[in-house]
Amino acid sequence: MSIMRILTLIKNFFIRAHFGQHGEDVIVQKLFDKSIKNGFYLDVGAHHPFRQSNTAYLWLKGWNGVNVDASKTSISAFNKIRKKDKNIWMAVVDINTAKTQSDITLNFNPKVKYDLGATCDDNLAIERKTSAKINVPCESLLNIVNDYAPETNDEFHFMNIDIEGFDERCLIGIEQWKSKPQVICIESLVNEGIRSILKTELNITLERNGYELEGKTGISLI
């Protein structure tokens with residue numbers, strides 16, 4: 001972009017910032033009352049404090065919460081920047097996987113510091129041609145919510161879920177969550193039209209638990 005045009009934006013206070021990969025955070029923040037100054041978020045598959053982050057804007061507003069990621073590099077960045085948050089090095093998996101194993105293989109590209117393609121899903125790993133593996137601790141989303149989320153829905157404002165192949169599976173057991181977020185942003189690999197998405201098991205599960213699709217941007221559903 002033209003430097004002069006950017007400076008004109010700043011001078012006239014018209015500059016706007018967003019951090020989400022497809023502008024998810026623009027939609028998300030508009031769903032909350034502006035008066036909320038200290039909201040709570042749970043970012044599952046948090047990736048980076050700013051890069052393609054759906055919680056960065058909320059953090060800048062004064063919110064805090066819990067960030068979970070299977071990458072030690074990512075969690076190190078969160079510990080350095082979001083010091084008031086709880087930052088957890090862990091892969092998030094479905095209930096059945098968590099019941100049978102305490103760790104899981106993370107497939108990734110070691111040449112990329114913050115690897116968006118890193119995954120614990122073996123099929124996706126083959127598709128993405130990852131070249132390295134490491135064992136990381138794992139836990140179900142059910143247990144993470146019950147261990148770290150607020151006690152009531154009123155205090156649990158936002159959850160972001162982006163865990164590369166385990167997104168839909170991790171919702172198994174949602175009925176047992178001690179509290180539920182008011183807004184969920186979740187990645188869906190069913191990258192089709194709204195009518196098709198409404199018929200997916202992911203959307204049906206969320207509707208059954210009181211949610212309604214508010215928007216789609218890229219492969220994220222809100």
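Going by the structure above, here's the rest.
Rules behind the numbers
Sequence order sets the numbering: in each chain, residues are counted from 1 along the sequence as written. Thresholds applied to this predicted model are a pLDDT of at least 70 for local features of residues and 80 or more for the giving and counting of side-chain atom pairs; totals over whole chains, interfaces and linings are not thresholded and use all residues. The basis for the side-chain values is all heavy atoms of the structure; hydrogens and waters are excluded. Numbering of helices and strands runs from the N terminus, with a helix taken as a DSSP run of H or I at least four residues long and a strand as a DSSP run of E at least two residues long. The nonpolar core is taken to be a set of buried Ala, Val, Leu, Ile, Met, Phe, Trp, Tyr and Cys residues, with the residues joined through side-chain atoms within 4.5 Å. Partly exposed describes any residue whose relative accessible area lies between the buried limit of under 20% and the exposed limit of over 50%, with all areas from a 1.4 Å probe on protein chains only and scaled to the type maximum. Whether two residues touch is decided by their heavy atoms; if any such pair falls within 4.5 Å, the residues are in contact. Working definition: rings of Phe, Tyr and Trp (its six-membered ring) pair if their centres are within 6.5 Å, and the pair is stacked with planes under 30 degrees apart, edge-to-face with planes over 60 apart, and tilted otherwise. Each ring is checked for a lysine NZ or an arginine CZ that lies within 6 Å of its centre and within 35 degrees of its normal; such an atom marks a charge sitting over the ring. Any N or O atom pair separated by 3.5 Å or less is treated as a polar contact, with the protein-specific requirement of one donor-capable and one acceptor-capable atom, and with residues adjacent in sequence counted only for side-chain atom pairs. Pairing between two strands is assigned when DSSP locates at least 2 bridges connecting them.

A. Structural context of unusual backbone geometry. Located in the positive-phi region is His47, a residue other than glycine, with phi close to 70 degrees. Positionally, His47 belongs in the loop between β1 (40-44) and α3 (56-60). Positive phi values are uncommon outside glycine, yet Gln52 reaches one of about 50 degrees.

B. Here's a closer look at the nonpolar core. By size, the foremost hydrophobic cluster in this structure holds 39 residues, and its most contacted members are Leu42, Leu141, Met159 and Ile161. Tallying contributions element by element places helix α7 (residues 141-148) first for this core, with four residues. In this structure Leu42 touches Val66, Val68, Ile144, Val145, Phe156, Phe158, Met159 and Asn160, once residues within four positions along its chain are discounted.

C. How the structure looks around the packing of aromatic side chains. With the rule as written, the count across this model stands at three aromatic pairs. Considering the side-chain rings of Phe40 and Phe156, the 5.7 Å spacing of their centres and the 80 degrees angle between planes classify their relative orientation as edge-to-face. In this pair, Phe40 sits in strand β1 while Phe156 sits in the loop between α7 and β7 (158-161), placing the two residues 116 residues apart along the sequence. Note that Lys72 overlies the ring of Trp89, its terminal NZ or CZ placed 4.5 Å from the centroid.

D. Quick look at the side chain of Ser53. As for its position among the elements, Ser53 is in the loop between β1 and α3. Here Arg82 takes part through its side chain, which lies 3.3 Å from a polar atom of the side chain of Ser53. Apart from residues no more than four positions distant in its own chain, Ser53 is found in contact with Phe19, Gly20, Asp25, Asp43, His48 and Arg82.

E. Highlighting the pairing of strand β6 (residues 132-140). Pairing analysis gives three bridges linking strand β4 (residues 91-93) to β6, with the strands arranged parallel. By the bridge assignment for β6, Ala91 is matched with Cys138. Looking at chain direction, strand β5 (residues 103-108) and β6 are connected through six bridges and run antiparallel. Within the sheet, the bridge partner assigned to Thr105 lies in β6 and is Asn135.

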